Every structure is written in structure tokens, then in C-alpha cells.
Amino acid sequence: MRRMLAVLLALSAVTAACSSDDTTAEAVATTTTEAPTTSTTTTTTTTSTTTTTTEAPPLPWRQVEAGDDCVCSDGSPYRYWVREADPSKVALLFQGGGACFSAETCDPSGNPTYNVRADGDLNAREQGIFDLDNPENPLADWTMIFMPYCTGDVHIGTNVANDYGEGVVVNHTGFWNASKGLDELVAGYSGAEQVFVSGSSAGGVPVPLFAGLVADALPDAEVMGLPDASGGYPSNPLINPVIGGLWGTQGAIPDWEVTAGVTAAEFGIPDLYRYAGTEFPRIRWARFDHAFDEVQSSFSALAGLEDSSVKAVLDINEELTEAAGIDLPVYIAPGTDHTVLGTEEFYDLEVEGTRFVDWLAAFVNGEPIDDVVCTECGRPDA
């Protein structure tokens, strides 16, 4: 397994103008005299008409301009989203969307293997944890900060205008962009009692790192980290600095005691749990994956690791994390699907008698949770 590549892959309230057009009733009387002895009176009355425009309810998500040096891969503006709710409970969420590490995979005008721009609309999302009206949603009453993804570096790059040749120049500034979410959290919700850090796919990769950064910035908060669909990548000290050099991951290494002297070679995905978990033991961890996640498999194959098994790497990474004294309960679902947090499956998935939404709710509420692992995982070649 040590030969395998650490592919660091994975909403302005709009209010309608309120106006009213009130017309006051008035009586108009007209008198016409035909002869001294005859009088005819005609009265004409106009009725009042009132038109009322109802003010539209505000949209749940507002978009924020990140500003500063925050840009997407192609230099377009970077924006993130905030949904205001209970300020004592805040979810910091990272979007997924692939990764790139070559001219072919990074070219914005070609067939890039990642989101090039942050142009989605959170007000249009209504599945999974984004179904804010679902009573089963354990995060329904939480404030949410959502960080879009558009830099191809799984939110941990600090390399501006990396030249891949063939005219392909990409801004791998994901860490700086993502750090705006941390800034929003600290500036606007410093009194938060609970912070849930999560993300799907490429957005799951930086979760351990940012959970640690949150714990560092908010020492009194209960911090939870739960990556979705990013646990099947190993750490390889020979490959880590290659990808890290392209993305500039060295600039994302935090200034912690445990990371003193750490290089890009030692900054692989599984390593992030060990660093954050060791530096901040109070962080609570959990992780979700599908046993044979086809997206994680495809990125491994893209890097020349066709023989890799996601399930096997999931097991190894869990063992390595727990060997460092860090408790990491996992939920491993069968099959080849990818991600769960923002999908319809979020409320329906059940493995070995345990519904995922119930498992997540227990985790968020601070209740003990155990590993939930499929016994018949649906190996594709079985």
C-alpha cells in the first residue's frame, strides 16, 4: 500500500420590493337645472381599489465576496455562502469536485477533472444536509458556512499561477480561499459552542486540517470533523511532494507543535488526522465512505494505481489513525457510489441495521457511535 499515490482528490437575502397603491374613494355630484320648477340630480361614485404586494420571504443563503487574493483556478472571483441560524452551532462545509495535477487534467478550456469556477447557487440545493426543512436533518438549525471549490487542489493549495505548460496556467489557491470560511467563523461566530467541519469528495480532504485550525482558533468550542468520501487515498512520501509542489501544499502546513519541521512529503491525507488529532485531542472524529467508491477508484487509476482497492485503503488509514491514539469511527456503505451528505441517499441509507442519518445525528449530539461496516460490500469483481 505504501506504493500508492496520495491523490489529494475530492448562497444576500433577496427581498422583493414592497409597495402598495391606495386610492381613496371620492363622490362626485353633478346638478343640472332644466326649468325653474324641475330639478334633476345625478350622482356618480367611484369605488376605491387597493393593491397589495406581498414581500417575498428571504432566501436562506447569502453569498459573500471573498476579496483579497482569493480567486478560482482561472482567475475568476471567489465567493462563498452563509446560512444564518443558531449562532452557537456552526457547520463549516467544503465543496467537492475533483482535482488536477497535469496540463491535461487542469486545462480549464479542455476537459478538466475539477470545478473551474465557484458559480453554483446554494439556494437551489435541497438534498441531504441542505434540506433545511427536513425534521430528520441533524444540522437543520445550524448556521452553515459553505466554501465552494474551484482550484483543483482539494482546498490545500497556495500556488498562484502554476504553469503546467502548453498554455495551461492554474491558480491553486484553495487553502487561501477555504481559510476565508475560518475567518468568517471566527469573526462572526466566536462564541460558537459547537463547530462541525465536513465536506464531500475533494471537500472531505481538508476536513482534518481545518478541524484543527478551528480548534486552535476557538479553544472553548466542541469541534467535530467528518469527511465524506475521501478516506480511500494513502500517503506516499515519494509522491506527496510532487503533487504538493504543484499545488503549494507546504504553505498550508499549520504552525503547530506537532507539525514543526513537517514537509510536503509528510503532508498526505491520512497524516492530517494524526497531526490535528494529536495537537487537539478534544476533536471528535468520524468518517463516511462507500467500500468501492468509483470516483476514488477512478482518480487512483488516473494516477496509475489501477490495482488499488478503496476498501483496503480505508481499513489501513483507519488503523494508522487509531494507532496514533485517535478514535475514528467509520461508516462504510456497500457499492460504488460516491458521497452521501448532499444526496437523496442521506435519509435512506442503512447498513447493518443502522441508518446513516441516525448515526450522524448521534455523532453530532455527542453520543457514542461505533463503526458501521458493510459485511457484503458488493465488490465489483465478485
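Residues numbered from 1 in each chain as written. Predicted model: local features only at pLDDT ≥ 70, side-chain atom pairs only at ≥ 80, totals over all residues. Heavy atoms only, no water.

### Here we look at the overall build of the protein
What counts here: To qualify as a helix, a DSSP run of H or I must reach at least 4 residues; to qualify as a strand, a run of E must reach at least 2; elements of each kind are numbered from the N terminus. In this scheme, a residue with accessible area under 20% of its type's maximum is buried, one over 50% is exposed, and one in between is partly exposed, where area comes from a 1.4 Å probe on protein chains only. Using the Shrake-Rupley algorithm and a 1.4 Å probe, accessible areas are obtained, with residue cover drawn only from the displayed protein chains.
Helices and strands together make up the secondary structure of the protein, namely 8 helices and 18 strands. Per-residue burial over the protein gives 53% buried out of 382 residues. Carbon and sulfur atoms make up 48% of the accessible area of the protein, which amounts to about 16,900 Å² in all.

### Section: the packing of aromatic side chains
The test is simple: Only the six-membered ring of Trp is used, alongside the rings of Phe and Tyr, when aromatic pairs are assigned; centres must lie within 6.5 Å, and planes under 30 degrees apart are stacked while those over 60 apart are edge-to-face, with the rest tilted.
The final tally for this structure, using the stated rule, is 14 aromatic pairs. With 6.3 Å between their ring centres and 50° between their planes, Trp61 and Phe130 make a pair best called tilted. Taken together, the residues Trp61 in strand E5 (residues 61–65) and Phe130 in the loop between helix H1 (103–106) and strand E8 (142–147) connect sequence positions 69 residues apart. Assigned by exposure class, Trp61 and Phe130 land together as buried.

### Details of the packing of helix H2 (residues 174–188) against helix H3 (residues 207–217)
Note the following rule: Interaxial angle, 0 to 180 degrees, is taken between N-to-C directions of lines fitted to C-alpha atoms, where a helix line uses only the stretch in contact. Handedness of a helix crossing follows the sense of rotation of the near helix relative to the far helix, less than a right angle counterclockwise being left-handed and clockwise being right-handed. Whether two residues are in contact is decided by their heavy atoms, any of which lying within 4.5 Å being enough. The classification used treats Ala, Val, Leu, Ile, Met, Phe, Trp, Tyr, Cys and Pro as nonpolar, Asp, Glu, Lys and Arg as charged, and all other residues, Gly among them, as polar.
It is at 11 Å that the axes of H2 and H3 come closest, and there the two elements cross at 35°. The element H2 and its partner H3 pack so that their crossing is right-handed. In this structure, H2 contributes Phe175, Ala178, Ser179, Leu182, Leu185 and Val186 to the contact, and H3 contributes Leu209, Phe210, Leu213, Val214 and Ala217. Taken together, the residues that form the contact of H2 with H3 break down as 10 nonpolar, 1 polar and no charged.

### Here's the deal with the environment of Val82
By secondary structure assignment, the location of Val82 is in strand E6 (residues 79–83). A relative accessible area of 0% means that Val82 is categorised as buried. Separated by 19 residues in the primary sequence, Val82 and Gln63 have C-alpha atoms spaced 6.5 Å apart.

### A look at the confidence of the model for the protein
Worth spelling out the cut-off: Each residue carries a pLDDT value, the predictor's own confidence for that position, ranging from 0 to 100.
Summary statistics for the protein give a mean pLDDT of 86 and a share of 83% for residues scoring 70 or more. This model gives residues 1–43 a pLDDT under 50, and the stretch forms 106 contacts once residues within four places in sequence are excluded.

### As for helix H8 (residues 356–364)
Burial analysis of H8 places 8 of its 9 residues in the buried class, which makes it a mostly covered element. Listed as buried for H8 are Phe356, Val357, Trp359, Leu360, Ala361, Ala362, Phe363 and Val364. One or two steps after H8, the chain reaches Gly366, where phi turns positive at roughly 80°.

### Here we look at unusual backbone geometry
Its identity is not glycine, yet Val154 carries a phi of approximately 45°, on the positive side. Among the structural elements, Val154 can be located in the loop between E8 and strand E9 (159–165). Look at Ser201: it is not a glycine, yet its phi comes out positive at around 60°.

### Here's the deal with the side chain of Arg83
Here is the rule we go by: The positive count covers Lys and Arg only, the negative count covers Asp and Glu only, and His and the chain ends enter neither. By convention in these notes, a salt bridge is any Lys or Arg side-chain nitrogen within 4 Å of a carboxyl oxygen on Asp or Glu. What qualifies as a polar contact is a pair of N or O atoms within 3.5 Å, subject to a donor-acceptor requirement within protein and to the restriction that residues adjacent in sequence count only when both atoms come from side chains.
By the secondary structure assignment, Arg83 is in strand E6. For the buried Arg83, which has no salt bridge, the nearest side chain bearing the opposite charge is Asp141, at an N-O separation of 6.5 Å. Polar contacts involving the side chain of Arg83 include one to the main-chain carbonyl oxygen of Ala140, which spans 2.7 Å. With sequence-adjacent residues up to four places away left out, Arg83 is seen in contact with Pro60, Trp61, Leu132, Leu139, Ala140, Asp141, Trp142, Thr143 and Met144.

### Concerning the pattern of salt bridges
Enumeration according to the criterion identifies 12 salt bridges in this entry. With a shortest N-O distance of 2.8 Å, Glu84 and Arg62 are connected by a salt bridge. Pair noted here: Glu84 is in the loop between E6 and strand E7 (86–94) and Arg62 is in strand E5, with a separation of 22 residues, a long-range link. Put simply, Arg355 and Asp358 hold a salt bridge, and the shortest N to O gap is 3.3 Å. When its relative accessible area of 39% is taken as the criterion, Asp358 is described as partly exposed. If you follow the salt bridges from partner to partner, you end up with Arg62, Glu84 and Glu184 in one network.

### With respect to H2
Applicable threshold: Between the first and last residue of a helix there are one fewer steps than residues, each counted as 1.5 Å, and that sum is the expected span.
Across its 15 residues, H2 extends 22 Å between first and last C-alpha, which sits within 8% of the 21 Å expected from 1.5 Å per residue. Turning to H2, its buried residues are Gly174, Phe175, Asn177, Ala178, Ser179, Lys180, Gly181, Leu182, Glu184 and Leu185.

### Overview of the state of the cysteines
What counts here: Any pair of cysteine sulfurs within 2.5 Å is marked as a disulfide.
Throughout the structure, instances matching the rule amount to 3 disulfides. Linked covalently through their sulfurs, Cys72 and Cys150 form a disulfide whose S-S length is 2.1 Å. Looking down the S-S bond of the Cys72 and Cys150 bridge, the torsion is -80°, so its handedness is left-handed. Placement of the pair is Cys72 in the loop between E5 and E6 and Cys150 in the loop between E8 and E9, with a sequence separation of 78 residues. Cys150 carries the same exposure label as Cys72, and that label is buried.

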